[in-house]
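Given next are the chains, with one letter for each unit.
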Amino acid sequence: MKTIFIKELQESLAGNRFYLIFAIIILLFAINGFLYSKKYETMFNEYNDMRLKTEDEISKSATNFRSLARAVFFMYLPPARLDFISDGKYAELPNSLRYRVDFLQSRSYAVSQNNAIKILIEIDWMFIIIFVLSFLGFILSYDAVSGEKENGTLAATFSNAISRFSLISGKLLASLVLLFGATLTGVISCLIIINITGKIPLQIVDYWKIVIILLIVACYIVFIISLGIVVSMLTRKSFTSLVVLSLIWVVLVIVIPKIGYLFINKIYPIPTFEEIQNERDKIREYYLQKLKNLEYIEFQEARSKKWFDTGNDDWRVTQALFNKLMKQVNIIKSIANISPFHISKSAIEKFLFTGMERYPEFIQQGRTYFTTYQKLMIDFDKSDPDSRHWFLNYISEKPVSTEALPQFHFREPGIGESLKQSLFLVLILFIETAAILTIANVAFFRADLRTVQA
Amino acid sequence: MIWHITKRELLENLISLRFSICFVLAVILISFTTWVNVEDYNRRWKEYEVNRAQAREEMEKITTYSALHAFLDKPPTLLSVFSRGFETRLGTRIEVSLYETPLKATGREMDNPYLKIFSGLDVVEVVVLVFGLIAFFFTFDAINGEKKRGTLKSILSNNIARWRILLGKFSGTMLSLAVPLFVCFLLAIIMILILAQRSLTLSEYARISLIYLALVNYVGFIISLGILISILIKEPKLSLVVCLVCWLFLAIVLPNVMAKITVEFYPNTPYLIHAAGDNADHQFFMWQIRNHFDFAEKNRGKVRQDIFWNEQQYGYKFMFVNEQEFKIFREFFKNEHHEAVKKDQGEYNYWKPYYDDLDREAQLVQQVCSWLPASGIIQFCESLATSSLVNHRKFLQSGRDYKDVLWLYLNGKNALNSLCWFCDDPPGFDLTQYPFSNKEEYQALFRDHENDIERRMDKSDISQYQYKNLNLAMSIHNGLIELMMVIFWNIICFALSFNKFMRYDVR
């Protein structure tokens with residue numbers, strides 16, 4: 001096996017193919033490093049400016065509890081440091097929550113969004129791995145068996161005392177080392193660029209995450225090469241093998257991930273805008289009816305309660321809709337996960353908590369913060385004997401200490417939590433890789449290895 | 001002789017396995033994409049009709065001049081089945097009111113905003129991806145393969161010029177791709193005719209034909225490039241690898257990388273920062289409140305305070321206004337009008353540079369990408385399919401123009417000086433006929449009048465909004481540079497192939 005491994009390695013290093021692959025990977029990783037350093041800086045500055053503005057507004061309003069309670073503030077979702085690995089189109093997603101003591105609302109627009117620009121794919125590591133690495137992996141492995149059959153070297157190899165398992169393992173290992181080596185070099189060059197520019201403050205935990213991602217990528221590379229070898233075994237000519245692999249690539253990388261999106265409104269329709277609006281109107285109407293024909297004090301107390309009840313019910317409608325919208329997103333992703341290529345992307349996205357994984361977490365953390373904020377505000381008002389506790393009109397007018405008010409900070413999940421989230425998908429990827437490896441071995445044991453005419 | 005080589009190439013390609021596999025894949029993908037996109041079109045068309053009906057109903061409800069407003073809807077284009085462009089990304093509805101100059105269109109409320117992270121497929125994209133790949137499969141060994149097999153030497157031993165061989169190979173491959181592409185287009189048209197809510201117009205047939213020709217031109221460029229690579233690289237295996245890498249870069253990597261680089265290095269003001277600086281609306285609101293209080297104080301006893309606050313989202317709607325109140329209100333609303341115009345102008349001037357900046361950024365991205373054949377051809381097809389950015393800009397402009405139409409209509413009626421500006425009492429209405437004894441009676445009368453069709457102002461002479469797409473000549477004009485770029489690359493590749501092949505060592 002060692003001899004085969006060294007022979008394959010030497011052959012690849014002597015040819016032009018590997019250097020072409022190497023150059024492409026390094027170039028793309030370098031572009032990624034430069035682009036995301038710039039992007040993160042822009043997004044973080046924007047986020048920071050808005051966060052400071054909100055803090056400033058809170059401290060200004062805190063001089064009087066009543067004005068603080070009546071003021072509307074925002075919680076912002078910070079950009080992820082590891083966006084350069086898996087962007088998940090952060091800039092296309094909403095990034096803030098609007099809140100007052102009696103309501104919490106999600107907003108629909110995002111930071112620095114320009115809808116008139118159509119960028120279908122972000123140049124993140126996922127793009128390089130899913131689109132480019134897989135393609136280059138096929139280019140590296142398409143003639144692993146069929147090429148040798150054409151040259152007649154396969155039959156010659158087996159005239160020596162060598163097992164089929166050693167041959168296929170040697171080939172696989174050599175391709176893995178080459179492709180993973182190129183990827184690793186690309187990753188290092190990208191990290192060097194990020195560190196030199198200094199725009200993304202990477203922490204130790206981020207490097208650990210990168211190490212885990214590299215392990216997933218290694219598994220993914222094994223999958224690609226095994227698939228390449230299987231197709232190369234099943235086809236008589238290396239040219240046919242490359243044609244078949246290219247078509248498999250088009251279907252698995254481009255077509256299947258889009259199927260869910262194209263069909264989603266048939267598979268899982270969402271309520272219309274009018275339906276949602278009607279539900280909201282019903283809530284408002286219900287509370288307005290309750291206020292009718294009440295005496296002054298009863299009216300004020302009921303109205304005060306109405307602020308909170310309407311806010312809660314409104315949030316319930318928002319949340320129900322949000323869950324449905326998320327279900328649509330998850331269905332599309334699940335359909336895309338039929339493609340083994342996409343599974344690694346989903347696993348890494350889950351692991352890093354970027355893109356669409358990050359947003360529901362933000363909503364959840366925002367809701368938790370809001371509940372604390374609301375409770376604190378009500379308690380503060382209760383503690384004031386001069387207040388009539390009629391939100392939002394006749395309440396305390398005392399100053400509030402800003403230190404007593406909690407600040408919203410998005411908590412990034414720890415490495416263990418992230419791993420737990422992505423474990424299922426990583427396992428599927430491992431199982432698929434093991435399956436294709438087994439198929440490659442079985443097929444090679446049964447393969448007709450006689451020389452064919454090119 | 002060219003025809004002989006063309007025929008040979010054509011037959012060779014047609015009987016090959018790669019042709020069958022690729023053709024089947026292309027047919028499946030195109031029929032699938034067409035079906036999904038036609039369904040989407042039908043959905044959008046239904047949505048458009050619902051919106052139109054709502055807009056008409058809304059217009060019917062308007063009873064005073066100051067409340068005049070309109071919702072303008074852009075009909076979906078059937079050709080978006082071929083090229084979706086910006087059709088589903090940018091809004092299709094503009095809200096036009098008297099004191100708000102439209103700067104952007106609103107989105108589709110029925111859609112899931114989180115689906116923006118995904119992208120669909122259209123016929124043009126499938127052709128660019130799949131037919132581009134097939135063209136490379138057919139040409140990667142056009143010259144070096146023949147050389148390796150020794151057939152090139154045999155062909156050249158006959159009395160045949162080299163350029164004829166090259167031209168024959170080009171036209172043979174082109175024919176073997178243009179015909180299947182034509183079949184795919186035919187299939188797409190039949191599916192549209194069967195499934196779509198409406199049939200195609202003559203102009204749309206012309207546009208589809210032009211899209212087809214543009215795509216044939218793109219395929220021609222890939223064929224030229226494939227032939228060039230097969231001349232430059234001796235080994236067919238390596239030339240196939242190079243061709244595939246070229247395809248990956250031309251169709252997927254470069255368009256996205258170029259767009260991304262342009263976006264990242266284009267200096268624009270972030271939305272939230274810009275929005276945070278805008279307090280014109282708030283200031284106007286505060287001005288209005290102050291003004292209303294001043295007015296109420298000044299005219300205490302002269303007008304009924306309760307009706308004065310009857311302010312709606314668009315304009316005012318008062319009832320039972322007497323002669324004295326009318327005179328007082330007229331002066332007040334004239335003043336209010338000037339302030340609202342000032343506010344609208346201020347807000348427009350504040351936001352216009354921001355939206356212009358976004359537009360410039362998008363335009364720059366398109367210009368940079370138009371150098372790339374794949375992006376260029378997609379942009380040209382978007383232009384023909386009337387789903388391009390230019391069409392969206394035209395829609396926005398038509399919204400701004402319609403606001404002027406509304407003002408012209410009001411000026412023609414001397415609306416600002418009339419009672420109908422803020423009151424929907426019928427002509428000759430006399431409040432003294434209604435001796436209210438209590439509040440309930442007044443409210444009951446108010447409710448009756450709310451539903452009184454007589455009180456509604458006559459709007460039959462307001463010119464109706466009708467969105468018109470750019471005509472065919474303008475669509476071609478808008479995408480001409482992109483098309484020229486693809487033709488340019490096609491000629492360059494073919495000329496280089498010619499140049500290299502004339503000096504090619506066939507041994």
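Residues numbered from 1 in each chain as written. Chains lettered and ligands numbered in written order. Predicted model: local features only at pLDDT ≥ 70, side-chain atom pairs only at ≥ 80, totals over all residues. Heavy atoms only, no water.

Q: Run through the overall build of chain B, naming residues and quoting values.
A: Of the regular secondary structure elements, chain B holds 16 helices and two strands. Each of the 507 residues in chain B was classed as buried or not, and the buried ones make up 55%. Counting contacts in chain B only where the partners sit at least 6 residues apart, residues at least 24 apart contribute 84% of the total. When the accessible surface of chain B is split by element, carbon and sulfur atoms take 60% of a total near 22600 Å². (Helix = DSSP H or I, 4+ residues; strand = E, 2+ residues; numbered from the N terminus. Buried < 20%, exposed > 50% of the residue type's maximum accessible area, 1.4 Å probe, protein only. Contact = heavy atoms within 4.5 Å. Areas by Shrake-Rupley, 256 points an atom, 1.4 Å probe, with all protein chains shown as cover.)

Q: Let's hear about the packing of helix 7 (residues 164-197) of chain A against helix 8 (residues 204-234) of chain A: which residues, and what values?
A: All names here are of chain A. Interhelical geometry of helix 7 versus helix 8 gives an angle of 145 degrees and a closest axis separation of 9 Å. The crossing of helix 7 and helix 8 is right-handed. Contacts between helix 7 and helix 8 involve Ile168, Leu172, Ser175, Leu176, Leu179, Phe180, Thr183, Leu184, Val187, Leu191 and Asn195 from the former and Tyr207, Ile210, Leu214, Val217, Ala218, Ile221, Val222, Ile225, Ser226, Ile229 and Met233 from the latter. Considered class by class, the residues forming the contact of helix 7 with helix 8 number 18 nonpolar, four polar and no charged. (Axes fitted to C-alpha atoms, helices over the stretch in contact; angles between N-to-C directions. Left-handed = near helix turned anticlockwise from the far one by under 90°. Nonpolar A, V, L, I, M, F, W, Y, C, P; charged D, E, K, R; others polar.)

Q: Mind laying out the packing of aromatic side chains, listing which residues take part and the relevant values?
A: Centre distance and the angle of the planes are the two values used to describe a pair of aromatic rings. Per the stated rule, a full pass over the model turns up 53 aromatic pairs over all chains. For the pair phenylalanine 135 of chain A and tryptophan 247 of chain B, a centre-to-centre distance of 5.8 Å together with 35 degrees between the ring planes defines the contact as tilted. With phenylalanine 135 of chain A in helix 4 (residues 125-141) and tryptophan 247 of chain B in helix 8 (residues 236-265), the pair connects residues from two separate chains. Each member of the pair, phenylalanine 135 of chain A as well as tryptophan 247 of chain B, is classed as buried. Between tryptophan 351 of chain B and tyrosine 355 of chain B, the aromatic rings sit 6.0 Å apart at their centres with planes inclined by 40 degrees, giving tilted as the arrangement. (Phe/Tyr/Trp six-rings, centres within 6.5 Å; stacked < 30°, edge-to-face > 60°.)

Q: Tell me about the side chain of glutamate 122 of chain A, residues and numbers included.
A: Residue position: glutamate 122 of chain A is located in the loop between strand 3 (103-106) and helix 4. Engagement of the side chain of glutamate 122 of chain A in a polar contact is seen with the side chain of lysine 260 of chain B, the distance being 2.7 Å. In contact with glutamate 122 of chain A, other than residues within four places in its own chain, are Tyr36, Lys39, Asp87, Lys89 and Phe127 of chain A together with Lys260 of chain B. (Polar contact = N/O pair within 3.5 Å; in protein donor to acceptor, adjacent residues only side chain to side chain.)

Q: How would you summarise helix 8 of chain A if you had to cite specific residues and measurements?
A: Look at helix 8 of chain A: 46 Å from first C-alpha to last across 31 residues, which is about the 45 Å you get at 1.5 Å a residue. Among the 31 residues in helix 8 of chain A, 23 count as buried, and that is most of the element. (Expected span 1.5 Å × (residues − 1).)

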